[in-house]
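# Coordinates in review
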Amino acid sequence: MNTSTTLPSENEQDQAGEAAGPCAMVIFGAAGDLTKRKLVPALFNLVKAKLVPQEFALLGVSADDLSQEAFRAQVTGFLPAEDRGSEAWRWFIERLHYERGNFGDVTTYQELASRLAELDRTQRTGGNYLFYLATAPKFFAAIVQQLGAANLSWQQAGSWRRVVIEKPFGQDLESARTLNRDIKRVLEEDQIYRIDHYLGKETVQNIMVFRFDNAIFEPIWNRRYIDHVQITNAETVGVETRGGYFDLAGSLRDMVPNHMMQLLSLTAMESPVSFQADAVRNEQAKVLRAVQPLDSEDVLTSTVRGQYGPGALGKESLAGYRQEPGVPPESRTETFVALRLNIDNWRWAGVPFYLRTGKRLARRHTEIIIQFKRTPFELFRNAPFHKLHTNTLVIQIQPAEGISLSFGAKIPGALLRVGSVNMSFEYSRYFGTEAYTGYEVLLYDCMIGDATLFQRTDMVEAGWSLVDPVLDVWKAVPPRRFPNYAAGTWGPKEAGELLRRDEREWRTIEP
Ligand SMILES: NC(=O)c1ccc[n+]([C@@H]2O[C@H](COP(=O)([O-])OP(=O)(O)OC[C@H]3O[C@@H](n4cnc5c(N)ncnc54)[C@H](OP(=O)(O)O)[C@@H]3O)[C@@H](O)[C@H]2O)c1
């Protein structure tokens, strides 16, 4: 964007955060994929940013028979090669501990309690424990119940106990309610951190700053000026090694009640009265409750599902979903979903929200499009060249994070020709690129007790309430012609028709 900026100086940016208070973090599933690819690298980035307290310990729990040294060597292997041997690495490695255990075994938790008490003494972690459940969802309720039984969830005066729960949170509304009920037998709501790593992305958090810290957008953020909203989450990857897990879930369960609903609620919510966790989450929950539930007829007309067949991305040939490892050859699981939703409130009545998400699409791309209405009168329609345009605000979340706005402008020359131009802002150009995983801010927030970016019970259940009727109808009416899109394309043609019926189209995502 060609504009002068008042960004914080480097010094101000460095001072942006201070280290969290003393705590011990326990990772259940410390040898798993999530720990390896996300949690350890994110924690280490926090260490380098000096946001992890001096009085810190990480205790890994897993089934593997590892000595403390072997665990430290394993964790070192999860870090970038250039960081191994650094001062930050030494600091981090000294604080790593390991406990071999079985999630279902009472003695594991007794042992854990005495290890944590010892760390309180040796590392001065102050009785503050952050339990991260990086485990298969079937263990969530059981681990929480065991933490309660071992007296590890009880917050005594001056210390805290928090539990981070990974996604997926339930398979449908009923199972999500059951899980909520089970964990709330042991934990208070403010001890529960239901994580959705999308919310750790800068742009997602910036949606709130953009909307509520700029006076110019909020007055036009409504049905008077906005024609519709599109939310796209496109992945080029297939199911990789997780075919067995994904086939039981499908794209609707995997992406919509959590990621997509979070993006929708941040885009559509009213201004919170403060930036406190519950003030923000109250508004998010309110707008989710205002989304019109889909009845059976709506499911048939306002939803699209797809499954990829063989195809290609560039020169690379790609297998179809049914040929992926772990996927049954007759699978009817969807790898693509598109929805049209309406929000029943004064701000959004009559403004459709179109959502689409899928695997093996043409580009990796996540964005929110605010499509503004046309001008009420086309003054320049008789100009010799007049390209019809409307103002589009693009909030791009990945891969490049940024915001752009298109508007009409006169094309230079003697004739009055009108075209569309773009004003755009890219995070990386202004703030530099950081090799962040998205988990950094979320882990730090757990340590300092800020739950703003985590889903509350009512938000999770509101998300599932919207998805449940779709699951029911889709189950009753199996897909007739799967696979219905080739890998490496933009999904089934019905997704385009969903918008064309409303005389709209998905924004073309350029290479
Ligand atoms: N991986 C990702 O990118 C990703 C992304 C988003 C969300 N998630 C969520 O994060 C969670 C963890 O996923 P993941 O991919 O890391 O799973 P994973 O690779 O299967 O890791 C699970 C870990 O738990 C251990 N374990 C399993 N059963 C155990 C038991 N009874 N007692 C003690 N240890 C046991 C496993 O040890 P063994 O290996 O020895 O069995 C492994 O270390 C899941 O809820 C997943 O949905 C993952």
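Quick caveat, the model's predicted, so the values are computed rather than measured.

### So, helix H3 (residues 68-77)
- Within H3, the full set of buried residues consists of Phe71, Gln74 and Val75. Each buried residue of H3 sits inside an arc of 95 degrees when the element is viewed along its axis, so together they form one side. For H3, the exposed residues set more than 90 degrees away from the buried face come down to Glu69, Ala70 and Gly77.
- Structurally, H3 contributes buried residues whose contacts are with helix H2 (33-48), strand S2 (56-62) and strand S3 (96-100).

### Focus: the site of the ligand
- Surveying the vicinity of the ligand reveals 19 residues, the closest of which are Gly29, Ala31, Gly32, Asp33 and Leu34.
- In the shell around the ligand, the residues fall into seven nonpolar, seven polar and five charged.

### A look at helix H14 (residues 457-476)
- Counted at 1.5 Å a residue, the expected span for H14 with its 20 residues is 28 Å, and the 28 Å between its end C-alpha atoms agrees.
- Of all the bends in H14, the greatest, near 30 degrees, is centred on Val467, and the proline Pro469 appears no more than four residues after it.
- Of the positions making up H14, those classed as buried are Thr457, Met459, Val460, Glu461, Ala462, Gly463, Trp464, Leu466, Val467 and Val470.
- On its buried side, H14 packs onto helix H7 (173-184), strand S6 (192-194), helix H9 (243-268), helix H10 (277-290), helix H11 (296-302) and strand S8 (303-306).

### Section: the domain arrangement of the chain
- The domain architecture assigned to the chain consists of domain 1 (22-166) and domain 2 (199-500).
- Summarising the inter-unit geometry, the C-alpha centres of domain 1 and domain 2 are found 34 Å apart.
- Each partner contributes residues to the interface: domain 1 has 13 residues there, and domain 2 has nine residues.
- Sort the elements by how many residues they give to the side of domain 1 that touches domain 2 and H2 lands first, with seven residues.
- When grouped by side-chain class, the residues that make up the side of domain 1 that touches domain 2 number 10 nonpolar, one polar and two charged.

### Let's talk about the packing of H2 against helix H13 (residues 439-448)
- Two numbers describe how H2 lies on H13: the axes approach to 8 Å, and their chain directions differ by 75 degrees. The angle between the axes of H2 and H13 places the two elements in the roughly perpendicular class. Across from Lys38, Leu39, Ala42, Leu43, Asn45 and Leu46 in H2, the residues of H13 making contact are Tyr439, Glu440, Leu443 and Tyr444.
- A breakdown of the residues in the contact of H2 with H13 according to their chemical character gives seven nonpolar, one polar and two charged.

### A short note on the sheet that holds S3
- The six strands lie next to each other as S3-S2-S1-S4-S5-S6, forming an open sheet whose pairing is parallel. In the strand order of this sheet, the two ends are held by S3 and S6, each with one partner. Between one strand axis and the next, the sheet turns through 20 degrees on average, direction left out of account.

### Focus on the pairing of S2
- Extensive coverage of S2 is indicated by the burial of seven of its seven residues.
- Here S2 shows no split at all, with Phe56, Leu58, Gly60 and Ser62 on one side and Ala57, Leu59 and Val61 on the other all buried.
- For the crossover that starts at strand S1 (residues 23-28), traverses H2 and ends in the parallel S2, the hand is right-handed.
- Relative to S3, S2 is paired through five bridges, and the arrangement is parallel. Bridge assignment links Val61 to a residue of S3, and that residue is Glu99.

### Quick notes on the pairing of strand S12 (residues 336-341)
- Counting buried positions over the six residues of S12 gives six, a clear majority of the element.
- Every second residue of S12 is oriented toward a common face, with Phe336, Ala338 and Arg340 on one face and Val337, Leu339 and Leu341 on the other, all of them buried.
- In this sheet, S12 lies alongside S8 in antiparallel orientation, the contact comprising four bridges. Across the sheet, residue Gly306 finds its bridge partner in S12, namely Phe336.
- Taken together, the six bridges between S12 and strand S13 (residues 353-358) define a ladder with antiparallel strand orientation. When the sheet's bridge partners are listed, Arg340 is paired in S13 with Tyr354.

About the thresholds
Residues numbered from 1 in each chain as written. Predicted model: local features only at pLDDT ≥ 70, side-chain atom pairs only at ≥ 80, totals over all residues. Buried ≥ 20, exposed ≤ 12 C-beta atoms within 10 Å, placed from the backbone. Helix = DSSP H or I, 4+ residues; strand = E, 2+ residues; numbered from the N terminus. Arc of directions from axis to C-beta. Contact = placed C-beta atoms within 7 Å. Near = placed C-beta within 6 Å. Nonpolar A, V, L, I, M, F, W, Y, C, P; charged D, E, K, R; others polar. Expected span 1.5 Å × (residues − 1). Bend = angle between axes of the 7 residues up to and from the residue. Domains from an automatic or database assignment. Axes fitted to C-alpha atoms, helices over the stretch in contact; angles between N-to-C directions. Parallel < 35°, antiparallel > 145°, perpendicular 65-115°, else oblique. Pairing = 2+ DSSP bridges. Right-handed = clockwise from strand over helix to strand, strands pointing away.

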